[in-house]
Amino acid sequence: MNVVEPYEPVQHHWFYNQQVDSKDSWQPFSREDSRRLEDAYSRVGKCEKDEVVVATDGRRYDVRLRERKCYSVYWEQKPAEVKRCAWFHKGSKDMSYTPYSEELSDILEDAYMIAVTLDEWKQNLELPTGETVILHNPKLMMQYPSSCKDFPPSPTERTQPRTLKRGIENIPVEIPEGEPEIVDHLVFMVHGIGPACDIRLRGIVQCVNEFRIASNSLIKSHFRQSENLCIIGRVEYLPVNWHKVLHGESTGVDKDIERITLPSISRLRQFSNDTVLDLFFYNSAMYCQTMVDTVASEINRLHSLFLQRHPHFTGHVSLVGHSLGSLILFDLLTNQETDADGKPHELHEDAHVDTGCSSYESLEEVLKGHGLEEYLSVLHSEQVDMESLMLCSEKDLKDVGIPLGPRKKIMNCVKKWKHSRTGSGHAAQNETHSPSLGMRNAHEHQTPTTSAVDYQHFDVGIGQVSIDYPQLAFHPQALFAMGSPIGMFLTVRGLKRIDPNYSFPTCKSFYNIFHPFDPVAYRIEPMILPQDVDLLPMLIPHHKGRKRMHLELKEGLTRVSSDLLGSLRMVWQSISQVPSPALAEGGISSMTPTDEVEDLNICGAVPPMEQKERNFTKVGMLNRGRRIDFVLQETPIESFNEYLFAIQSHLCYWGSEDTALLVLREIYGNIPSHELPSLPPPGIPHSQ
C-alpha cells in the first residue's frame, strides 16, 4: 500500500524584474526583504483601499505592494515589476528559471495539491495561455507548447517542452543575504566627465552599486568580528549625478554646441561633446556655477532624504569624487564658511538664521523690506517671482530698467536669501573669505564677474572662477579623490605651493587615490612638501594582504640585484684597494649609503623601526599631517603594457576592492587594531 505524502503549501519568495540588454531578468529579493514583503502581503486584505509600501534593499527602494512595482528613492529610475513567486519554468536554451505570473502559479499550485493529496499524476492541465502542463511526479513536471496535440510530443517536433520547478529551493538561484539595518556612515559619490563612469559604459548608479557591494563584502571578510558583535553595521553609498542637469533642457548647452559642431567624424565629436567639454564648462563662470550648485544641492537633497528614512542615524558623512567630480568637491570644500574664530558653522535643517532676507518668502516682502517697492510693478510685468529672481543676472535687471544702485541691492539680497535657503548661515554684514591654500596666484588681479549673479570673488589664492560656492548641510569626515586632476588644475591656476598649515574649513581628512597608469591623475603631496623632498606615494595594500605577486617578484629581483651589486663592489674594493670615491667616478658604484637605504625602503626591506620613523613623515594638514597620495597596485596583465590600459586605469576605481578597503579603514579608524585585516607595513611607498 502506497503511503501518500501530506501536502505542504509552497513557500513564496519575492522577485523584481531587472532589464539586462533589453531582456527581462528576474532577481530575488534578499531573504529579509522577501520575508517583510510576505508579512505585508498577508496584511493587505485588512486595508483593501490603502496602498502598502515596504522599504527594501537597504531602504533605497520602495515596493508598492498593490501596484506590484518597485520605485527607487534617491535617483531617477524606471519602476521595476515585482512578483510573489512560487513556480518557475526554463527552456532548454535558457540560462535561468523564469517565474510564472501569480495567477498561473496559483493554478499550478492547486493542481499540485490535488495530485499530492489523491496521489494521481500524469494528468493534463490546460493553462489559460494555451500551453499544457503534465505533472509526471513531484520531481518531473513539464510544460508543452500549444502547438503540440499529442502528449508527450513526437521526437520529430521542433518545439521543445519546458521544465517546471516548484519552490525557490529547487532552482539554482543565489539569494542575497541582505544588508544590516544600521548605517554607520554615509558616503556621497560624485562622478567625473561624461554620462558613463566605467569601461562598460555604465552610469553612476550602477557603478556606485558595484562599489557598495564590494564594501559590504569587505566588511564581512575584514571586519567580521565587529559585525558579528554588532559593533558596526554598514556604509551607505549614494550617487550624485550632475551631468544630466548640465546637459539637460534647462541649460540648452547641448543644442548650442550641436549647432557649431562639424559633421565629420561625428561619433568622435559626439563623444568629445559629452565628455571632454565638461572640463571647459567647469572653467566657465556660468556653467561652473551650474555644476557646483547641482552637486551641492543634490548632496543636500540626498542627505535630507536619507535622514528622513534613517531618523536614528548618528554617524558621519564622507565624500568621494572621481576625476572632475573630485575637483568640484575640492573647490566646494575649500569654500565652506567658518565663524570669525575659525570654527565651522553648525548647520541644522531647522536652524533659522536671520541674514536680512531669510525671513522673506515673497518678492513683495523682499522689495518692501529694502525700500525697493517701486520696482515691484516692473518685475511683475515680466512675471518675475522670488524663484525666478534667483535665476536672474544683473544684466537681466538692467535690461528691464532697474538702476545700478537698486540693482546691486536686489542681487545682494537674493544672494543672502539663497544662502539661507540652503542653510549657509553666514551673517550678511560680515563678508567672510575661505582660508588661503598658500601662495598667491601668479596673477594678482581679481577675476571678472561674468556669472549669472553678482558673485563675490573668494580670496583663496587658487585662481578659481568667480562664483558663489553653496554650503553643505553637514561637515564631511573625509574627501576621497579617485583618479583626480586636482593637482594639475591648481598648478594651471597659478598655485605653486599649498601652505602646509592649510586644511579644509569643515573637513578633517583628504585622500588622493590613483592608479599608477591613470593619465588624468596627479599628485598633491609635492605641492605641500619642500622641493628638495622626494616622497613616493603610499602603496595601497591588496585587499587580500601584502602585495600582488608580480610586484613582489619584481621587487625581489631588484633586491637580489642590489645585493649582488654590493657584493661585487666590496670584492672589487678589497682586490684593487682603490678608494670608494674613485670607484664612484668610474661608474661602478654611484650609489651612496643614502641611496642604498632608499632603494631598500622601496623594496620593503628597511628595518621595522626605520620604517616606522619614515611612516611619520608629516605632510601638511590637509589630512591631519598624515599621508595624502595613495597609489593602487596594477594587475599583472596591466604591468605588461601601461599605455594599453591607460584609459581603463582611469575608470577602474568603481570596482576596486583595494580602494573600497582604504575607504573603510578611514571610516572605521576607531575599530581595535586586532580587528583590522593583516596587511604589510603601511610605510612602504610605491616604486615607479
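Use the structure listed above.
Residues numbered from 1 in each chain as written. Predicted model: local features only at pLDDT ≥ 70, side-chain atom pairs only at ≥ 80, totals over all residues. Heavy atoms only, no water.

Asks: I'd like a description of the environment of tyrosine 112, backed by residues and values.
Replies: Mapped onto the elements of the fold, tyrosine 112 is located in helix H2 (residues 102–118). What makes tyrosine 112 buried here is its relative accessible area of 11%. For the pair formed by tyrosine 112 and asparagine 137, sequence separation is 25 residues and the distance between their alpha carbons is 9.5 Å. With near-sequence residues (within four places) excluded, tyrosine 112 lies in contact with Tyr7, Trp87, Trp121, Leu135, Pro138, Met141 and Arg166. (Helix = DSSP H or I, 4+ residues; strand = E, 2+ residues; numbered from the N terminus. Buried < 20%, exposed > 50% of the residue type's maximum accessible area, 1.4 Å probe, protein only. Contact = heavy atoms within 4.5 Å.)

Asks: Before we move on, can you summarise the pairing of strand E1 (residues 13–20) with the specific residues and values?
Replies: In this sheet, strand E6 (residues 80–85) lies alongside E1 in antiparallel orientation, the contact comprising 4 bridges. The partner of tyrosine 16 across the bridge, within E6, is valine 82. Examined bridge by bridge, E1 and strand E2 (residues 23–28) share 6 bridges and lie antiparallel to one another. Bridge pairing in E2 places asparagine 17 opposite tryptophan 26. (Pairing = 2+ DSSP bridges.)

Asks: Can you lay out the packing of helix H3 (residues 204–222) against helix H22 (residues 657–667) for me, pointing to particular residues and giving the numbers?
Replies: At a minimum axis separation of 9 Å, H3 and H22 run at an interaxial angle of 65°. Overall, the two elements H3 and H22 adopt an arrangement that is roughly perpendicular. As for how H3 packs across H22, the hand of that crossing is right-handed. Residues Phe211, Ala214, Ser215, Leu218, Ile219 and His222 of H3 lie in contact with H22, whose contacting residues are Glu657, Thr659, Ala660, Leu661, Val663 and Leu664. (Axes fitted to C-alpha atoms, helices over the stretch in contact; angles between N-to-C directions. Parallel < 35°, antiparallel > 145°, perpendicular 65-115°, else oblique. Left-handed = near helix turned anticlockwise from the far one by under 90°.)

Asks: I'd like a description of the packing of helix H9 (residues 285–309) against helix H10 (residues 324–334), backed by residues and values.
Replies: As a packed pair, H9 and H10 sit with axes 10 Å apart at the nearest point and diverge in direction by 80°. By the angle between their axes, H9 is roughly perpendicular relative to H10. Between H9, through Met291, Val292, Val295, Ala296 and Ile299, and H10, the contact on the second element is made entirely by Leu324, Ile328, Leu329 and Leu332. Across the contact of H9 with H10, the residue classes tally to 9 nonpolar, no polar and no charged. (Nonpolar A, V, L, I, M, F, W, Y, C, P; charged D, E, K, R; others polar.)

Asks: Would you mind going over helix H1 (residues 31–43) in detail, with residue names and values included?
Replies: When the terminal C-alpha atoms of H1 are compared, their 19 Å separation across 13 residues agrees well with the 18 Å that a helix rising 1.5 Å per residue should span. Turning to H1, its buried residues are Asp33, Ser34, Leu37 and Ala40. All buried residues of H1 fall inside an arc of 125° around its axis, so they share one side. Turned more than 90 degrees away from the buried face of H1 sit Arg31 and Ser42, all of them exposed. Contact partners of the buried residues in H1: E1, strand E3 (53–56) and strand E4 (61–64). (Expected span 1.5 Å × (residues − 1). Arc of directions from axis to C-beta.)

Asks: Got a sec to walk through the pattern of salt bridges? Specific residues and values, please.
Replies: One pass over the full model with this rule turns up 28 salt bridges. Across the pair aspartate 62 and arginine 309 runs a salt bridge, and its minimum N-O distance is 2.7 Å. One end of the pair, aspartate 62, is in strand E4; the other, arginine 309, is in helix H9, with 247 residues separating them in the sequence. Salt bridges sharing common partners tie together Asp57, Arg60, Glu179, Arg212, Arg234 and Glu236. (Salt bridge = Lys/Arg side-chain N within 4 Å of Asp/Glu carboxyl O.)

Asks: Please provide a residue-by-residue account of the environment of histidine 191, values included.
Replies: One can find histidine 191 in the loop between strand E13 (183–190) and H3. When the C-alpha positions of histidine 191 and histidine 322 are compared, they lie 5.2 Å apart, and in sequence the two are 131 residues distant. A distance of 3.3 Å separates polar atoms of two side chains, one belonging to histidine 191 and the other to asparagine 241. (Polar contact = N/O pair within 3.5 Å; in protein donor to acceptor, adjacent residues only side chain to side chain.)

Asks: An account of unusual backbone geometry is requested, with residue identities and associated values reported.
Replies: Not every positive phi belongs to a glycine, and arginine 59 is a case in point at roughly 65°. One can find arginine 59 in the loop between E3 and E4. Taking the relative accessible area as the measure of exposure, arginine 59 reaches 27% and is therefore partly exposed. The phi angle at lysine 122 is positive, at roughly 60°, despite the residue not being glycine. Tracing the sequence through the fold places lysine 122 in the loop between H2 and strand E9 (124–126).

Asks: Tell me about the packing of aromatic side chains, and name the residues and values.
Replies: Following the criterion strictly, the structure yields 18 aromatic pairs and no others. Centroid distance tryptophan 14 to tyrosine 41: 6.0 Å. Interplanar angle 65°. Geometry classified as edge-to-face. Taken together, the residues tryptophan 14 in strand E1 and tyrosine 41 in helix H1 connect sequence positions 27 residues apart. Ring centres of tyrosine 74 and tryptophan 75 lie 6.5 Å apart, and the angle between their planes is 35°; this geometry places the pair in the tilted category. We note that tyrosine 74, like tryptophan 75, is buried. An aromatic cluster of three or more residues is present, and its members are Phe330, Tyr502, Phe504 and Phe510. Between the NZ or CZ atom of arginine 64 and the centre of the ring of tyrosine 71, over which it lies, the distance is 4.0 Å. (Phe/Tyr/Trp six-rings, centres within 6.5 Å; stacked < 30°, edge-to-face > 60°. Lys NZ or Arg CZ within 6 Å of the ring centre and 35° of its normal.)

Asks: Before we move on, could you go through the pairing of strand E7 (residues 87–90) and cite the residues and values that matter?
Replies: Burial along E7 is two-sided: Trp87 and His89 and Phe88 and Lys90, pointing in opposite directions, are all buried. For E7 and strand E12 (residues 162–166), the ladder comprises 4 bridges, and the chain directions are antiparallel. By the bridge assignment for E12, tryptophan 87 is matched with arginine 166.

Asks: For the sheet that holds E2, give the residues involved together with the corresponding values.
Replies: Hydrogen bonds between backbone atoms are what pair the strands of a sheet, whose relative direction is either parallel or antiparallel. The 6 strands lie next to each other as E2-E1-E6-E5-E4-E3, forming an open sheet whose pairing is antiparallel. Whereas interior strands pair on both sides, the edge strands pair on one side only; in this sheet they are E2 and E3. Across this sheet, the average inter-strand angle for adjacent strands is 35°, counted without regard to direction. Relative to strand E5 (residues 69–72), E4 runs antiparallel, the two being bridged by 4 bridges. From the neighbouring strand, valine 63 faces E5, where its bridge partner is cysteine 70.

Asks: So what's going on with the sheet that holds strand E17 (residues 509–514)? Residues and values would help.
Replies: Taking strand neighbours across the sheet as the criterion, the 7 strands line up as E14-E13-E15-E16-E17-E19-E18 in an open arrangement whose pairing is parallel. A single partner strand is all that each edge strand has here, and the edge strands are strand E14 (234–240) and strand E18 (538–539). Here 5 bridges tie strand E16 (residues 478–482) to E17, and the two strands are oriented parallel to one another. In the sheet register, alanine 481 faces E17, and the bridge partner there is asparagine 512. Along the sheet, H9 makes contact with E13, E14 and strand E15 (316–322), crossing E13 at roughly 155°. Sitting on the sheet, H10 touches E13, E15, E16 and E17, and the angle it makes with E15 is about 135°.

Asks: Could you give an account of the nonpolar core, naming the residues involved and the relevant values?
Replies: Residues Phe188, Ile299 and Phe510 are the most contacted members of the largest nonpolar core, which totals 109 residues. Among the elements that make up this core, the one with the highest residue count is H9 (10 residues). Split by domain, the residues of this core number at least three in each of domain 1 (13–166) and domain 2 (183–336 + 470–559 + 618–669). Residues in contact with phenylalanine 510, not counting those within four places in the same chain, are Phe330, Leu479, Ala481, Ile486, Phe504, Ile524, Leu622, Asn623, Arg627 and Ile628. Within the second largest apolar cluster, 18 residues are counted, among which are Val366, Leu376, Leu379 and Met386. (Core = buried A, V, L, I, M, F, W, Y, C linked by side-chain atoms within 4.5 Å. Domains from an automatic or database assignment.)

Asks: Can you lay out the side chain of serine 484 for me, pointing to particular residues and giving the numbers?
Replies: Relative to the helices and strands, serine 484 is located in the loop between E16 and helix H16 (486–492). A polar contact is formed between the side chain of serine 484 and the backbone nitrogen of isoleucine 486, at a distance of 3.1 Å. Not counting chain neighbours up to four residues away, the residues in contact with serine 484 comprise Ser323, Ser326, Asn512, Val520, Ala521 and Tyr522.

Asks: Before we move on, can you summarise H3 with the specific residues and values?
Replies: If you check H3, its first and last C-alpha atoms are 26 Å apart, about what 19 residues at 1.5 Å a residue would give, namely 27 Å. The set of residues buried in H3 consists of Ile204, Val205, Cys207, Val208, Phe211, Arg212, Ala214, Ser215, Asn216, Leu218, Ile219 and His222. Buried residues in H3 make contact with E13, helix H4 (224–228), E14 and H22.

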